Amino acid sequence: MAPRLKLFLPLILFAGMAAFLFRGLSLDPQALPSALIDQPLPEFTLPLLGEERTIDRAGVIGQVALLNVWATWCASCRVEHPYLVQIAASGVPIYGLNYKDEDAAAGRWLTELGNPYRANIADREGSLGVNLGVYGAPETYLLDAGGVIRYRHVGVVDQRVWETILQPKYQQLLSAGGSGG
Amino acid sequence: MKVLSSLALLALVLLSGPALAVIETYQFSSPELEQRYQLLSSELRCPKCQNQNIADSNSPIAQDLRKLLYQQLEAGANDEEILDFMVARYGEFVRYRPRFGGATAALWLAPGLLLLAGIVVAAVALRGRRERASGGTTLSAEEEQRLRDLLDKTEKDS
């Protein structure tokens, strides 16, 4: 019996290999885990978009919120923008990080397409972007009430992403904060 | 002659690759810094384009990282500090030679372990074959007697 079973060894190996590779097909190689998960949002002092006044870390943290990295040169940002407006309208605080952009163009964009952001950080040189580990736009960070980064989503936030990934985590953080955790 | 000139052209195209790759140039205060810049920028991976190092990539993030690398080198940071800075922001992913430990242990150990497994499998297979081969040629005393009888018989028959 044993030598018989041995004949099936290649088949078993093949099945294992196939399962492993099949799993790989559905993984997104572009999605990198952020090195900043569970790390505090880096310190920064940057101008507000289109203004002389500055905003710093304390101006963003304090509640569970989204930090959305966007720019007018980023085509996918235009795709996700209407959905961000919708999420913001439902009461979710969203802060914007206008990444390596021109203030005038960004201002026009917000007047035309609506402004879902509580405030917009103008990161003209991309310095905060580098400290956050941003490598492209759009990226969306989920911050807890203490200003700790809990999740990063790379790519467009649409209804599917919001409902299946971000919203559950957002609600979880909200209820954790409510119970004093 | 035609072959020669086309070969020369091909060589020219191949050699001009690195020259095209990087757009901006930096003025270094010492050749030693420039050498470290070349080394580090070829060892740091572009987070956006993934299969290129930041020396070869022209994506905006690679440009930013090259600029940072230049600034840090001129500010007197050592290699370890620069790599730590990059890894703290972009993860071990950003290095083509990640540090050993944790999730990267599998990466470092897998080739050796696979080679070892291959050697073991080959050794077992070879030994099995040798045993079968040697087991097939040695006859027991009884079998030898039978063989001799059979040979004697055929000789008598012929």
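Up top is the structure these notes are about.
Now for a quick tour of the structure. Since the model is a prediction, treat every value here as computed from it, not as a measurement.

Looking at the pairing of strand β5 (residues 120-123) of chain A
Residue and element names in this part refer to chain A.
Part 1 of the argument: Alternating residues of β5 divide into Asn120 and Ala122 and Ile121 and Asp123, and every residue in both groups is buried.
Part 2 of the argument: Note that strand β4 (residues 94-99) and β5 share 4 bridges and pair parallel. Residue Tyr99 lies in a different strand from β5, and its bridge partner there is Asp123.
Part 3 of the argument: Regarding topology, helix α4 (residues 103-113) serves as the crossover connection from β4 to the parallel β5, and that connection is right-handed.

Comments concerning the environment of Pro116(A)
Residues and elements named next belong to chain A.
Part 1 of the argument: Within the secondary structure layout, Pro116 lies in the loop between α4 and β5.
Part 2 of the argument: For Pro116, a relative accessible area of 6% corresponds to the buried category.
Part 3 of the argument: Residues Pro116 and Ala89, spaced 27 residues apart in sequence, show a C-alpha to C-alpha distance of 7.5 Å.
Part 4 of the argument: Among residues more than four places away in sequence, those in contact with Pro116 are His81, Leu84, Val85, Ala88, Ile94 and Leu110.

Section: the sheet that holds β5(A)
Residue and element names in this part refer to chain A.
Part 1 of the argument: Pairing is mixed across the open sheet formed by 5 strands, whose spatial order is β5-β4-β3-β6-β7. Pairing within the sheet leaves two strands with one partner each, and these edge strands are β5 and β7 (149-154). Direction aside, the axes of adjacent strands within the sheet are offset by 20° on average.
Part 2 of the argument: Pairing analysis gives 5 bridges linking strand β3 (residues 65-70) to β4, with the strands arranged parallel. For Leu67, the partnering residue across the bridge sits in β4 and is Tyr95.
Part 3 of the argument: Relative to the sheet, helix α3 (residues 75-89) contacts β3, β4 and β6 (139-143), its axis offset from that of β3 by approximately 160°.

Rules and cut-offs
- Residues numbered from 1 in each chain as written.
- Chains lettered and ligands numbered in written order.
- Predicted model: local features only at pLDDT ≥ 70, side-chain atom pairs only at ≥ 80, totals over all residues.
- Heavy atoms only, no water.
- Buried < 20%, exposed > 50% of the residue type's maximum accessible area, 1.4 Å probe, protein only.
- Helix = DSSP H or I, 4+ residues; strand = E, 2+ residues; numbered from the N terminus.
- Pairing = 2+ DSSP bridges.
- Right-handed = clockwise from strand over helix to strand, strands pointing away.
- Contact = heavy atoms within 4.5 Å.
- Axes fitted to C-alpha atoms, helices over the stretch in contact; angles between N-to-C directions.

So far we have only geometry, and geometry alone does not tell us how the molecule works.
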